[in-house]
Amino acid sequence: MDSDILLALDDIVKVRIVDFCRAERPFIHADRVLDFNVFIYIVSGRMKIWENGIEYVVDEQNAFFLKKGLHHYGRDEIAAGTTWYYIHFHGGYDTGGQEQGSYFELSSYSPLSAAGEFTEKDYERYIRLPKLIKVDNPRLIERKLDSLTQICRSANDLRMAYLSYGTMELFFELFMQKRNQPVPDKDDIITRRIILYLESNTSRNLSSRDISGHLCMNYNYISSVFKGKTGMSIMEYHEKIRMNEAARLLMHSSMNISEVSNKLGFDDPLYFSRVFKKVMGYSPSDYIKQAYFRN
């Protein structure tokens, strides 16, 4: 069973408790299986925790996640004076779930809707929380955790909601830190080369031969790699970034629908309009009206 915790963007974590602890005497971490996830941030000291047969060494200024349903325990004593924050929370996306089978992993490759216009489908993504990470800005993380701890101890009737959304913000920051320090593998390099090529060719249709010829690689192979990294086919991705560019031009230029269609390499404005509506959720004319009313 994968020990990574996945969070869907259209869900919220449900926090049980946030607290700060100090070990007054040495102890060994509990041997247990929980029905909720655990987040730990070490302020001072060190913990060694085993989960699912793997030992994790959690040092100062490290954040660590334990996944519900997995056996975890300690073998070594945790020293007196060790201090840490912890969050117990429910939540997590099951990639095997039938209802969520259409979700795919959020990555830096996934284009979102243009001009802040997000559709419900844009939220059908999940993030993979870092298992163990040394935080870049410990003072910021500790301030956030202290604030969440105070909220948890307060009498505010909305404290559960504040805790849930505040915890998600904290987790997103850790996710972004991890994502901004990637170690690209071969598939990452291939995917980025494809995206650069697609983004430099928004003004024309591309064929599988164009793409495989540019990369000098078999199209079926690179298509499989790309789908695995982005959750979309190469052609779907190209279509989406072209429509994002169309939305930008419709909103921020004086070009009409036919001119935008022509600029992006569509011979038939009616076909362009159908593709735009499929991707953006509005026809081009309705999109312009929406932009007008917002402004």
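This text follows the structure it describes.
Rules used throughout
Residues numbered from 1 in each chain as written. Predicted model: local features only at pLDDT ≥ 70, side-chain atom pairs only at ≥ 80, totals over all residues. Heavy atoms only, no water. Core = buried A, V, L, I, M, F, W, Y, C linked by side-chain atoms within 4.5 Å. Buried < 20%, exposed > 50% of the residue type's maximum accessible area, 1.4 Å probe, protein only. Helix = DSSP H or I, 4+ residues; strand = E, 2+ residues; numbered from the N terminus. Salt bridge = Lys/Arg side-chain N within 4 Å of Asp/Glu carboxyl O. Pairing = 2+ DSSP bridges. Phe/Tyr/Trp six-rings, centres within 6.5 Å; stacked < 30°, edge-to-face > 60°. Axes fitted to C-alpha atoms, helices over the stretch in contact; angles between N-to-C directions. Parallel < 35°, antiparallel > 145°, perpendicular 65-115°, else oblique. Contact = heavy atoms within 4.5 Å. Nonpolar A, V, L, I, M, F, W, Y, C, P; charged D, E, K, R; others polar.

J.: Before we move on, could you go through the nonpolar core and cite the residues and values that matter?
T.: Judged by nonpolar contacts, the single largest core of 27 residues is most densely connected at Phe-39, Ile-87, Phe-89 and Phe-171. In terms of residues, this core owes the most to one element, helix H2 (residues 159-179), which gives six residues.

J.: Which residues make up the pattern of salt bridges, and what values do they have?
T.: This model, assessed by the stated rule, comprises 13 salt bridges. Here Glu-169 makes a salt bridge to Lys-144, at a shortest N to O gap of 3.6 Å. Remark: Lys-144 occurs in helix H1 (residues 138-153) and Glu-169 occurs in helix H2; sequence separation between them is 25 residues. With relative accessibility at 21%, the residue Lys-144 sits in the partly exposed group. Ionic pairing is found between Asp-210 and Arg-204, a salt bridge with its closest N-O pair at 3.9 Å. Looking at Arg-204, the relative accessible area reads 34%, which means it is partly exposed. Three or more residues are tied together by salt bridges with common partners; here these are Asp-2, Asp-4 and Arg-128.

J.: Describe the sheet that holds strand S12 (residues 125-128), with residues and values.
T.: With mixed pairing, three strands are arranged side by side in an open sheet as S1-S12-S11. What marks the edges here is a single partner per strand, and that holds for strand S1 (6-8) and strand S11 (104-105). Of the pairings in the sheet, the one linking S11 to S12 comprises two bridges and is parallel in character. Bridged to Glu-105 within S12 is Tyr-126.

J.: Tell me what's going on with the packing of aromatic side chains, and back it up with residues and numbers.
T.: Tallied over the entire structure, the rule returns 15 aromatic pairs. Taking the centre distance of 5.9 Å and the plane angle of 45° together, the rings of Phe-266 and Tyr-271 count as tilted. Phe-266 sits in the buried class, given a relative accessible area of 7%. Look at Tyr-271 and you get partly exposed, because its relative accessible area is 40%.

J.: How would you sum up the sheet that holds strand S4 (residues 37-44)? Please name residues and give values.
T.: Across the sheet, which stays open at both edges, the five strands sit in the order S2-S10-S4-S7-S13 with antiparallel pairing between neighbours. In this open sheet, the two strands that pair with only one neighbour each are strand S2 (14-22) and strand S13 (132-134). The sheet shows a mean angle of 15° between the axes of neighbouring strands, taken without regard to direction. Here S2 runs beside strand S10 (residues 83-90); their pairing, made up of eight bridges, is antiparallel.

J.: A description of the packing of helix H6 (residues 234-252) against helix H8 (residues 269-280) should follow, citing residues and the corresponding values.
T.: Close contact between H6 and H8 brings their axes to 10 Å; oriented N to C, the two are set at 100°. Comparing the axis directions of H6 and H8 gives the class roughly perpendicular. Residues Glu-239, Lys-240, Met-243, Asn-244, Ala-246, Ala-247 and Leu-250 of H6 form the contact with H8, whose own contacting residues are Phe-272, Val-275, Phe-276, Lys-278, Val-279 and Met-280. Among the residues making up the contact of H6 with H8, the classes are represented as nine nonpolar, one polar and three charged.

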